Amino acid sequence: MSMFCRILRVQKGTALRIIGRSGTPEKAEGGRLRSMPLILRRRNETVIIDVHTHLFPAKIAEAALRKMQGNSHTALYSDGTEAGLCACEARAGVDLAIAQPVATNPEKVSHLNDFVLEINGRDAGSRVRSFGAMHPACRDWERELERLKMAGVPGIKLHPPYTGVDLDDPRSIAVLRKCRELDLMVLIHSGRDVGLPGAEEALPIRVRRALDAVGPMKLIAGHMGGWGCWEEVLELLPDTGCYLDTAFALGTMTPAPDGHAWRAEDLRLLRAEAFCELIARFGADRVLFGTDSPWADPEEEIRKIKGLPLQEAEVRRILGDNMAGLLAGRVNAECWRLPGPAAWQAPAPET
Ligand SMILES: [Zn+2]
């Protein structure tokens, strides 16, 4: 079904989000709506955007995930295909899932971005969209970023441990500078990596140095700013203006049923108190909901966020409104399933 999605202020204090329609609204005198044969959803239902997901072309998904799971020894919650991601996000009530493609080979960036544009060209009924792929050693990196920008892609993913290029390497900094110039967001894998022990390409100190070199930009440091390095995140990143995503950072990891050698203490991620301390230091406005699907179950992750000792308005911002605000003006709102700008510019009505 083609999505028809915008905000109408039909009466004072009430904003309604249209999620489908069976006809066209008719206007009476004075611009007031006389009849509205529409399927409506009240705006005070939380918009949920999962900013950090992964998907693979159907042909290679199984092999890619088997290889990655061989390194991480953690559980999988979908088959890693676009259909699998769409299904588990739909079950969880997620409105929009954003894939973050990881370019491990500089030669394949352009090819990967063809796939990104294919995903973003889907009918607005699909709840999956994608950031662009980038590798700082890509020969055509500048032209590739311009191509993404021209195509309406709002940002790129950088995964320093998988590219082997430090985030504060001059090549990474050049890419970040260009993204700043083009107003592209950058979501980075930040911190250590469960599948690549010893990787240091995206430690919080490198995030700090890169941002000091580039200046203010829309950078999202994945995994609450630095997976497995949360002390350093608190020490080094709160005043950088970067955003955090919540992916794969709260609670415990679930081991894969593969004869792994995990000890219970190794599976621990952030406890609720430490997680909330990060939110308090950065501010709930700078925290974005992400799952790292297929490595987590969106339904369970939403439940965990809702279970934190946070105010309802903070939960709403984290689950979707913050990212909706970041995407506004950077993407085609209907295609990216966003509510109209009134939804986040005006305080949401509590009716
Ligand atoms: Zn990820």
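In case you missed it, the structure is sitting above this.
Draft legend 1. Inspection of the environment of leucine 117 at higher detail. Of note, leucine 117 is situated in helix H3 (residues 109-120). The exposure class of leucine 117 is partly exposed, given the 15 C-beta atoms found within 10 Å. Note: C-alpha distance between leucine 117 and glycine 132 (15 residues apart in sequence) is 8.3 Å.

Draft legend 2. Representation of the sheet that holds strand S7 (residues 96-99). Read across the open sheet, the 3 strands follow the order S6-S7-S8; overall the sheet is parallel. The outermost strands of the open sheet, each flanked by one partner alone, are strand S6 (49-53) and strand S8 (128-130). In this sheet, adjacent strand axes meet at a mean angle of 25 degrees when their direction is disregarded. Of the strand pairs in this sheet, S6 and S7 are connected by 3 bridges, and their pairing is parallel. Note that in S7 the partner of aspartate 50 across the bridge is alanine 97. Here helix H2 (residues 82-92) sits on the sheet in contact with S6, S7 and S8, set at roughly 125 degrees to S8. Packed on one face of the sheet, H3 meets S7 and S8 and runs near 145 degrees to S8.

Draft legend 3. Helix H11 (residues 312-327), seen in detail. Its 16 residues place the ends of H11 22 Å apart at the C-alpha level, agreeing with the 22 Å of an ideal helix rising 1.5 Å per residue. Remark: the principal bend of H11, roughly 60 degrees, maps to isoleucine 318. With respect to burial, H11 is a largely interior element, 12 of its 16 residues being buried. Those residues of H11 not exposed but buried are Glu314, Arg316, Arg317, Ile318, Leu319, Gly320, Asp321, Asn322, Met323, Ala324, Leu326 and Leu327.

Draft legend 4. Broad picture of unusual backbone geometry. The step from serine 293 to proline 294 runs through a cis peptide bond, and the omega angle for that step is 15 degrees. Structurally, proline 294 is set in the loop between strand S14 (287-288) and helix H10 (298-306). Even without being glycine, histidine 223 reaches a positive phi, approximately 60 degrees. Inspection of the secondary structure assignment puts histidine 223 in the loop between strand S12 (219-221) and helix H8 (230-236). Residue classification places histidine 223 among the buried residues on the basis of 30 C-beta atoms within 10 Å. Even without glycine at this site, arginine 337 takes up a positive phi of about 60 degrees. Residue position: arginine 337 is located in the loop between H11 and helix H12 (342-345). You can call arginine 337 buried: it has 23 C-beta atoms within 10 Å.

Draft legend 5. Broad picture of the sheet that holds S12. Reading across from one edge, S9-S10-S11-S12-S13-S14 is the order of the 6 strands in this open sheet, with parallel pairing throughout. Where the open sheet ends on each side, the last strands, each with one partner, are strand S9 (132-133) and S14. When S9 meets strand S10 (residues 155-158), the two strands line up parallel, connected through 2 bridges. In the sheet register, glycine 132 faces S10, and the bridge partner there is isoleucine 156.

Reading the values: rules and limits
Residues numbered from 1 in each chain as written. Predicted model: local features only at pLDDT ≥ 70, side-chain atom pairs only at ≥ 80, totals over all residues. Helix = DSSP H or I, 4+ residues; strand = E, 2+ residues; numbered from the N terminus. Buried ≥ 20, exposed ≤ 12 C-beta atoms within 10 Å, placed from the backbone. Pairing = 2+ DSSP bridges. Axes fitted to C-alpha atoms, helices over the stretch in contact; angles between N-to-C directions. Contact = placed C-beta atoms within 7 Å. Expected span 1.5 Å × (residues − 1). Bend = angle between axes of the 7 residues up to and from the residue.

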